[in-house]
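Observations on the three-dimensional arrangement
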Amino acid sequence: MMDKTKGIILALISSGTFGLIAFFSLPLLKAGIHAPSILFYRCLISTILIGIVSLARKKNLKISPKAAAQLICLGLLYPITAMGLLYSYSYISTGVSTTLHFLYPISVSFLMIIFFREKPSRNLLFAAILSLIGVALLSWSDNGFISTKGLLIVLLTVFTYSIYIVWLNSKEIKKLEAETVTFYVMLFGIFIFSVFSHFTTGIQLIPDTGSLFNLIGLSVFATVLSNLALVRAVKYAGSTITSILGSLEPVVATLVGVFHFHEPFGWNSLLGLMIIIGAVIFVILSTKKPSNNQG
């Protein structure tokens, strides 16, 4: 019983801190730091921190060439997802963006049916229809529909993150410790964003102390702490409970957007948020072996 309670607390910590991505990212964007530089520093700081944690816990970071090849692919999908979310903040509110991104468990279920021949269910189809209604409500504001570009960008993150999660089910990746996978995904992220920055905006210098603290906060709370708490939550409370409590992520992001960044949020948005979260929880409860990973 104590382990389950511990797992629930860790799951809440994980989903809650994931929901703080915009809290640390938006001030950095407003400070004039471009997305590639933000993500470069996020991966750099996170890699150093996870490396230190792994060494302190005596985790083996050695990987096989076969695992390295797969980790490179994962190291591409995760940064694309992170960049898409960050870019979407320039077009739509952070709460709406995070809520739409939370559609990934439904997308994962469909991918598992397509690639792993899992049996289709009426529940999944029902949840998909519900989620589309939720997306429609979230996409509508007092001034009409939200930015189509922002909507497409965040839906792309649903697709890339879903592939990322499904790929984590491969036998070669399952053999590795969670810290090892996260370490190399972030390590490859450093390389990807350094190259991307070189050909676009360049890697910008951190302009002030406030930006430095936001980068550290983004790395510590919304990356390292979130991922490590997630792994332990699944261990103590189980996958289903951890997945359900993951619904705290869009709730936290929405609250941060409304109360801290003063983003608009009407009744239609509230209803859309509740429908999407309800649809995702419905899928999780209807699935015997749900996939549960976040970024």
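Residues numbered from 1 in each chain as written. Predicted model: local features only at pLDDT ≥ 70, side-chain atom pairs only at ≥ 80, totals over all residues. Heavy atoms only, no water.

**Some points on the overall build of the chain**
Scanning the chain for helices and strands turns up 14 helices and two strands. The C-alpha atoms of the chain give 18 Å as radius of gyration, which agrees with the globular expectation for 295 residues (19 Å, within 12%). On the principal axes, the C-alpha backbone points of the chain span a range of 45 × 45 × 40 Å. Here the chain holds 295 residues, and the buried ones make up 53% of them. Residue pairs in contact within the chain that sit at least 24 positions apart in sequence constitute 88% of those at least 6 positions apart. (Helix = DSSP H or I, 4+ residues; strand = E, 2+ residues; numbered from the N terminus. Rg over C-alpha atoms; globule rule 2.2 N^0.38 Å. Buried < 20%, exposed > 50% of the residue type's maximum accessible area, 1.4 Å probe, protein only. Contact = heavy atoms within 4.5 Å.)

**Looking at the nonpolar core**
Core analysis: the largest hydrophobic core is formed by 76 residues, its most contacted members being Leu-71, Leu-100, Ile-106 and Tyr-164. Looking at this core, the element that brings in the most residues is helix α4 (residues 65-88), giving nine residues. (Core = buried A, V, L, I, M, F, W, Y, C linked by side-chain atoms within 4.5 Å.)

**Things to note about helix α7 (residues 122-139)**
Compared with the 26 Å implied by 1.5 Å per residue over 18 residues, the 26 Å span of α7 between its first and last C-alpha is a close match. Listing the buried residues of α7 in full gives Leu-124, Ala-127, Ala-128, Ser-131, Gly-134, Val-135, Leu-138 and Ser-139. For α7, the arc enclosing every buried residue in end-on projection is 125°, short of the 170-degree limit, so these residues lie on one face. Projecting away from the buried face of α7 at angles above 90 degrees are the exposed residues Arg-122, Leu-125 and Leu-132. (Expected span 1.5 Å × (residues − 1). Arc of directions from axis to C-beta.)

**So, the packing of aromatic side chains**
Going through the model one piece at a time under the given rule, you end up with ten aromatic pairs. Summarising the aromatic geometry, the rings of Phe-40 and Tyr-41 are spaced 5.4 Å apart at their centres and angled 70° between planes, so their arrangement reads as edge-to-face. Tyr-41 matches Phe-40 in its accessibility class, with the two residues each being buried. Look at Tyr-78 and Tyr-164: their rings are 5.4 Å apart centre to centre, the planes differ by 55°, and that puts the pair in the tilted class. With Tyr-78 in helix α4 and Tyr-164 in helix α8 (residues 148-167), this pair connects stretches of sequence that are 86 residues apart. A relative accessible area of 6% places Tyr-78 in the buried class. (Phe/Tyr/Trp six-rings, centres within 6.5 Å; stacked < 30°, edge-to-face > 60°.)

**Quick look at unusual backbone geometry**
Even without being glycine, Lys-58 reaches a positive phi, approximately 55°. Locating Lys-58 in the fold gives a position in the loop between α3 (35-56) and α4. The class of Lys-58 is exposed, set by a relative accessible area of 76%. Its identity is not glycine, yet His-262 carries a phi of approximately 55°, on the positive side. With respect to the helices and strands, His-262 occurs in the loop between α13 (248-260) and α14 (267-286).

**Brief notes about the environment of Gly-202**
Relative to the helices and strands, Gly-202 resides in the loop between α10 (178-199) and α11 (209-237). Taking the C-alpha atoms as reference points, Gly-202 and Pro-36, 166 residues apart in sequence, are found 8.1 Å from one another. Residue contacts for Gly-202: discarding those within four places in its chain leaves Ser-37 and Ser-197.

**Structural notes on the packing of helix α6 (residues 104-116) against α7**
It is at 10 Å that the axes of α6 and α7 come closest, and there the two elements cross at 140°. On the basis of the axis angle, α6 is oblique to α7. Considering the relative orientation of α6 and α7, their crossing is left-handed. Mapping the contact onto sequence places Ile-106, Ser-109, Phe-110 and Ile-113 in α6 and Leu-124, Ala-127, Ala-128 and Ser-131 in α7. (Axes fitted to C-alpha atoms, helices over the stretch in contact; angles between N-to-C directions. Parallel < 35°, antiparallel > 145°, perpendicular 65-115°, else oblique. Left-handed = near helix turned anticlockwise from the far one by under 90°.)

**As for the packing of α3 against α10**
Viewed as axis vectors pointing N to C, α3 and α10 meet at an angle of 150°, and their least axial separation amounts to 8 Å. Classed by the angle they form, the pair α3 and α10 counts as roughly antiparallel. The crossing of α3 and α10 is left-handed. Here Pro-36, Ser-37, Leu-39, Phe-40, Cys-43, Leu-44, Ser-46, Thr-47, Ile-50, Gly-51 and Ser-54 of α3 come into contact with α10, specifically with Glu-179, Thr-182, Phe-183, Met-186, Leu-187, Gly-189, Ile-190, Phe-193, Ser-194, Phe-196 and Ser-197. In terms of residue class, the contact of α3 with α10 is built from twelve nonpolar, nine polar and one charged. (Nonpolar A, V, L, I, M, F, W, Y, C, P; charged D, E, K, R; others polar.)

**Some points on the pattern of salt bridges**
Tallied over the entire structure, the rule returns three salt bridges. A salt bridge links Glu-179 to Arg-57, with the shortest nitrogen-to-oxygen separation between them at 2.5 Å. Placement of the pair is Glu-179 in helix α10 and Arg-57 in the loop between α3 and α4, with a sequence separation of 122 residues. The exposure class assigned to Arg-57 is partly exposed, which follows from its relative accessible area of 41%. (Salt bridge = Lys/Arg side-chain N within 4 Å of Asp/Glu carboxyl O.)

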